[in-house]
Amino acid sequence: MWYKNLRVFRLQDAFTLSAEALAEKLATAEFTPCGKMDLTRYGWVSPLGPDGQSLTHGANGLIAICTKKQDKILPAGVIKEQLEDTIRDIKTKEGRPVGRKERENLKDEITFSMLPQAFAKSSISHAYIDTRNKLLVIDSASANRAEDLISALRDALGSLRCIPLMPHNATTNTLTHWLKSGDLPGDFTLGDECELMSSQDERIIRGKKLDLLDEQLIQHLETGMFVSKLAIQWKETLSCVIDDQFSFKRVKFSDALLERAGDRTPESLAEQFDHEFSIMGLELTAFINAALLAFGGEAESELV
C-alpha cells in the first residue's frame, strides 16, 4: 500500500463527494476479468486488496481508490510466425500474392483465434483524492497509466477538471541550483543520485551512489548541462528522486515511520489499511506542500 511513485494533479474544483458516494459512482465501472475473447479489461477494485468490500476508503479527508488492468499476453513473434505460415499456404495453394489489407485481416483472425488460450497479466494503480487540498495523487511512474486512471475517474464522475501540479520555479533550474550550491531549503538534503542533460547536445550523464558534492559533477554543470533528476531526502522520513516533470519516483519511507505504522494489532483489514493509509497520507501531504514551497510555490498560471 505504501506508494512508490507520485504523480500529483491539481483539482480545479472542490471535491464534495463522500467516500461512500464516490464508491457508488465507481461501481458502474467495477473491474471484471477478461473473457475468452477480450484483449484487455480495465475497471475499479477495492484499494484494500482482493478481500476489500468497498471501492473506496476514506480517512482524514483522503479518499483511496484503485484501478486494475488486465491484458491478454499474445507474443508478437508467435502471431508473426503463424501469419507467415498462413500467407505461405495461400501463395502455394492458390498461386496468388497476399495484399496489405488481407494480411491485416489474417493477422486479426489469428489474434482472435489465440485469445481463448492466452494468459492474462494484471496490474494495479493506487491513488487518493485529497479533498482538503484539492489534489489527486497517483502511485505511478508512468504518465500513461496515470492518465488512464484519470480518464476512468472522469468517466465515472461525468467530469473532472485537473492538471499536473507544477511549481512556480522551473524544476530543472531549481534542481540544478541545488546540486551546484549544495544548499537546499527547509528539511531537504541531497541524496546520492542524479541525471544531467545537456542543453547543447544529446549528452546524458547518470550516476547512482555518488557524492553529489563532488567537484566533477559541478564541472559538468559549468559546461551548460542541467539537472533533470535529483535524489533528495526530506526530514529523514522520506527519500525520492525528483524529475523535471515535478514527479517523484522511487519513494521510500523511513524504517521509523514504517515501524510506527506497524505498531498496532488491527482487528480487521479495513482497520489495518486505515491506520497505514492515514500515516502515509499525512506524511505525503506535508511532503508535497514542502516541495511546492521549496520550488517557489505553485505556478500561478496553473491555478483557477
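Here's what I pulled together on the structure shown here.

What counts, and where the lines are drawn
- Residues numbered from 1 in each chain as written.
- Predicted model: local features only at pLDDT ≥ 70, side-chain atom pairs only at ≥ 80, totals over all residues.
- Heavy atoms only, no water.
- Helix = DSSP H or I, 4+ residues; strand = E, 2+ residues; numbered from the N terminus.
- Buried < 20%, exposed > 50% of the residue type's maximum accessible area, 1.4 Å probe, protein only.
- Contact = heavy atoms within 4.5 Å.
- Lys, Arg positive; Asp, Glu negative; His and termini not counted.
- Charge placed at Lys NZ, Arg CZ, Asp CG, Glu CD.
- Expected span 1.5 Å × (residues − 1).
- Arc of directions from axis to C-beta.
- Core = buried A, V, L, I, M, F, W, Y, C linked by side-chain atoms within 4.5 Å.

1. Things to note about the overall build of the protein chain
1) Next: Of the regular secondary structure elements, the protein chain holds eight helices and twelve strands.
2) Next: In terms of overall dimensions, the protein chain has C-alpha extents of about 75 × 55 × 40 Å along its principal axes.
3) Next: Going through the 304 residues of the protein chain one by one, you find that 43% of them count as buried.
4) Next: Across the protein chain, the fraction of contacts at a sequence separation of at least 24, relative to all contacts at a separation of at least 6, is 68%.
5) Next: Side-chain charges in the protein chain split into 36 positive and 46 negative, and the spacing between the mean points of these groups amounts to 7 Å.

2. Side note on helix H4 (residues 143-157)
1) Next: Over its 15 residues, H4 runs 21 Å from end to end, which matches the ideal 21 Å to within 8%, given 1.5 Å per residue.
2) Next: Among the residues of H4, those classed as buried are Ala-146, Leu-149, Ile-150, Ala-152, Leu-153 and Ala-156. Down the axis of H4, the buried set is contained in an arc of 160°. They therefore lie on one face. In H4, the exposed residues that point more than 90 degrees away from the buried face are Asn-144 and Asp-155.
3) Next: Where H4 ends, the next residue or the one after it, Gly-158, has phi of about 95°, a positive value.

3. Here we look at the nonpolar core
1) Next: Grouped together as the largest cluster of nonpolar side chains are 50 residues, with contacts concentrated most on Leu-6, Trp-178, Phe-188, Leu-230, Ile-232, Phe-248 and Phe-287.
2) Next: If you tally residues by element for this core, the top one is helix H8 (residues 269-294), at eleven residues.
3) Next: With 23 residues, the next largest nonpolar core counts Phe-9, Phe-15, Ala-127 and Cys-162 among its residues.

4. Regarding the side chain of Glu-283
1) Next: Note on placement: Glu-283 falls in helix H8.
2) Next: With residues near it in sequence (within four places) discarded, Glu-283 still touches Trp-234, Thr-237, Leu-257 and Arg-260.

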